Amino acid sequence: MSFRRCTLHGASFEMSEMRGVDFTDANLRWADFTDATSIGADFTDATPIGAAFTNADLRWTDFRDTDLATADFTDADLQGAKLSEANAREVSFQHATLQDAVLMRADCRGADFTDALLYETVFADTRINSTTTFYDPAETRPICIYEKDPTTAEKLPEDISPLEAAHWVYRRLESLHEENALSEVAREFHISKEEAERALYKDRGRYGPWAVKTLMWYLTKHGESVKRVLIWWGIVILTAGLLFAGLGGVKDATGTNYAITSLSQLRTVTGWQDILMNIYFSVTTFSTIMDGGLAPAGIGTRAIVAVESITGALLVALLVFVLGRRTAR
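Just so we're clear, the structure is a prediction, and the values are computed from it rather than from any experiment.

1. A look at helix 6 (residues 269–286)
Compared with the 26 Å implied by 1.5 Å per residue over 18 residues, the 25 Å span of helix 6 between its first and last C-alpha is a close match. Downstream of helix 6 by a residue or two, threonine 288 has a phi angle that is positive, lying close to 60 degrees.

Below, the structure written as structure tokens:
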């Protein structure tokens, strides 16, 4: 069957069976393909602007160079479909299956891919913008359907875990957003990628890599949060300073000891001055600058100095690492 170059404005193909039908160069504005089966159909150069493909079976269909602007593919099966160089502006692909589909050089500005199945979907030179949606903005971070719905495993190859598919999707979307100068969203997808990998390690019983990923999450939010590193700076400095004050304190060159020996000292100005002196010593220890006029006054404070010096060096290195990542984007 062929509708080549036909004008079919508002035509209804609802629930029809049209395997391999030729719609090349057809004018299909606002046509209705709801629940239709069009496996292997050819829509090359067609104009189905605003058409409804809701819940349609469009596997291996050819939409190359097709003008799909504002079309609705919600819940459609587009596995293996070819959408290269298609105009997919403001198209809805919500809950659609796009596994193995090809969107090379497609214009997807304003398109909605929320909860779409995107494992091994090809995004090459694909154009997107800040209004292109790949996840529910109500989520605290980007979460794709593979991660939040285990039943999607039914549509994955047998040897692929949903978490593994989620990791693949996040990595590809991170690159896609970087290519389109959307670095802030790329950072969010990087975090989701690392979180999916962390969950995958735990699921497979690989607790060593899982522990490393968990530590990086809490310290740096997977290398993306300067704020989180600086918070840890403050926690370490304040904690060490208070421990210094309570475990013997520090002394200066004259032998004067600055320590808290009883809680009653906290009600005096001198007691708080002693605490501030210990916090100052903690800052110099953390930064490895060290103040030649101050020294630990006991075995406990010496042990804390050693631990804080090493911790400080590591946290400074982490800050440089995070700043470097953000600058490189």
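Here the narrative resumes.
2. Quick word on the nonpolar core
Grouped together as the largest cluster of nonpolar side chains are 61 residues, with contacts concentrated most on Phe73 and Phe113. Those elements that place two or more of their residues in this core are helix 1 (145–148), helix 2 (162–179) and helix 3 (183–203). Per element, the largest residue contribution to this core is six residues, and it comes from helix 2. The contacts of phenylalanine 73, once residues within four sequence positions are left out, are Phe53, Leu58, Phe63, Leu68, Leu78, Val91, Ser92, Phe93, Gln94 and Ala96. Counting residues in hydrophobic clusters, the runner-up holds 10 residues, among them Leu219, Ile237, Ile260 and Ile275.

3. Description of the pattern of salt bridges
Two side chains that carry opposite charge are able to pair once their charged atoms sit near each other. Scanning the model with the defined rule gives 19 salt bridges in all. Its salt-bridge partner being arginine 19, residue glutamate 17 comes within 2.6 Å of it at the nearest N-O pair. A relative accessible area of 54% means that arginine 19 is categorised as exposed. The partner of glutamate 224 in a salt bridge is arginine 187, and the shortest N-O contact between them spans 3.7 Å. Residue glutamate 224 is located in the loop between helix 4 (207–220) and helix 5 (226–246), and its partner arginine 187 is located in helix 3; the two are separated by 37 residues in the primary sequence. Salt bridges linked by common partners bring Glu174, Lys193, Glu194, Glu197 and Lys213 together as one network.

4. Remarks on a nonpolar patch on the surface
A surface patch of nonpolar side chains, amounting to about 330 Å² of accessible area, comprises Leu263, Leu266 and Trp272. For leucine 266, the location among the structural elements is in the loop between strand 2 (257–258) and helix 6. Its relative accessible area of 32% is what places leucine 266 among the partly exposed residues.

5. Here's the deal with helix 4
An α-helix turns once per 3.6 residues; consequently, residues spaced three or four apart project the same way. With 14 residues, helix 4 extends 20 Å between its outermost C-alpha atoms, agreeing within 8% with the 20 Å of an ideal straight helix rising 1.5 Å per residue. Taken as a whole, helix 4 has its buried residues at Lys213, Thr214, Trp217, Leu219 and Thr220. On its buried side, helix 4 packs onto helix 3, helix 5 and helix 7 (299–328).

6. A few points about the packing of helix 6 against helix 7
Contact geometry for helix 6 and helix 7: axes closest at 8 Å, N-to-C directions at 55 degrees. Relative to helix 7, the element helix 6 is oriented oblique. Contacts between helix 6 and helix 7 involve Phe281, Ser282, Thr285 and Phe286 from the former and Val305, Glu308, Ser309, Gly312, Ala313, Leu315 and Val316 from the latter. Of the residues in the contact of helix 6 with helix 7, the class split is six nonpolar, four polar and one charged.

7. Examining the environment of methionine 15
Mapped onto the elements of the fold, methionine 15 is located in the segment before helix 1. Assessed through its relative accessible area of 63%, methionine 15 is described here as exposed. Taking the C-alpha atoms as reference points, methionine 15 and threonine 284, separated by 269 residues in sequence, lie 74 Å from one another. Sequence-distant contacts of methionine 15, that is, excluding residues within four places in its chain, are made with Thr34, Asp35 and Ala36.

8. Section: the packing of helix 2 against helix 3
It is the contact of helix 2 with helix 3, at a shortest axis distance of 8 Å, that shows an interaxial angle of 165 degrees. By the angle class used here, helix 2 and helix 3 are roughly antiparallel. The interaxial crossing formed by helix 2 with helix 3 has left-handed handedness. For the pair helix 2 and helix 3, the contacting residues are Leu163, Glu164, Ala166, His167, Tyr170, Arg171, Leu173, Glu174, His177 and Glu178 in the first and Ser183, Val185, Ala186, Phe189, His190, Ser192, Lys193, Ala196, Glu197, Ala199, Leu200 and Asp203 in the second. Among the residues forming the contact of helix 2 with helix 3, the class breakdown is 10 nonpolar, five polar and seven charged.

What counts, and at which threshold
Here the residue index of a chain counts from 1 through its sequence in written order. In keeping with the model being predicted, local features are shown solely for residues with a pLDDT of at least 70 and side-chain atom pairs are shown and tallied solely at 80 or more, while totals for entire chains, interfaces and linings include all residues. The side-chain figures draw on all heavy atoms in the structure; neither hydrogens nor water molecules are used. Where helices and strands are cited, they refer to DSSP runs of H or I of at least four residues and of E of at least two residues respectively, numbered from the N terminus. To estimate the expected span of a helix, count its residues, drop one, and scale the result by 1.5 Å. Nonpolar core, defined: a set of buried Ala, Val, Leu, Ile, Met, Phe, Trp, Tyr and Cys residues in which side-chain atoms within 4.5 Å join the residues together. Each residue's exposure class comes from its accessible area (1.4 Å probe, protein chains only) as a fraction of the maximum for that residue type: buried when under 20%, exposed when over 50%, partly exposed otherwise. Any two residues whose heavy atoms approach within 4.5 Å are treated as being in contact. A pair is scored as a salt bridge if a Lys or Arg side-chain nitrogen falls within 4 Å of a carboxyl oxygen belonging to Asp or Glu. Residues enter a patch when their relative accessible area is above 30% and they make no salt bridge; the linking distance is 9 Å between like charges and 5 Å between nonpolar side chains (Val, Leu, Ile, Met, Phe, Trp, Tyr). The method behind every accessible area is Shrake-Rupley, applied with a 1.4 Å probe, and residues are considered shielded solely by the protein chains displayed. In this description, a line fitted to the C-alpha atoms serves as the axis of each element, helices being fitted only across the stretch in contact, and the angle between N-to-C directions of two axes falls anywhere from 0 to 180 degrees. By the definition adopted for this analysis, an angle is roughly parallel if under 35 degrees, roughly antiparallel if over 145, roughly perpendicular if from 65 to 115, and oblique otherwise. Ten residues, namely Ala, Val, Leu, Ile, Met, Phe, Trp, Tyr, Cys and Pro, are considered nonpolar, four, namely Asp, Glu, Lys and Arg, are considered charged, and the remaining ones, Gly among them, are considered polar. In this scheme, a crossing is called left-handed if the near helix is turned counterclockwise away from the far one by less than a right angle; it is called right-handed if the turn is clockwise.

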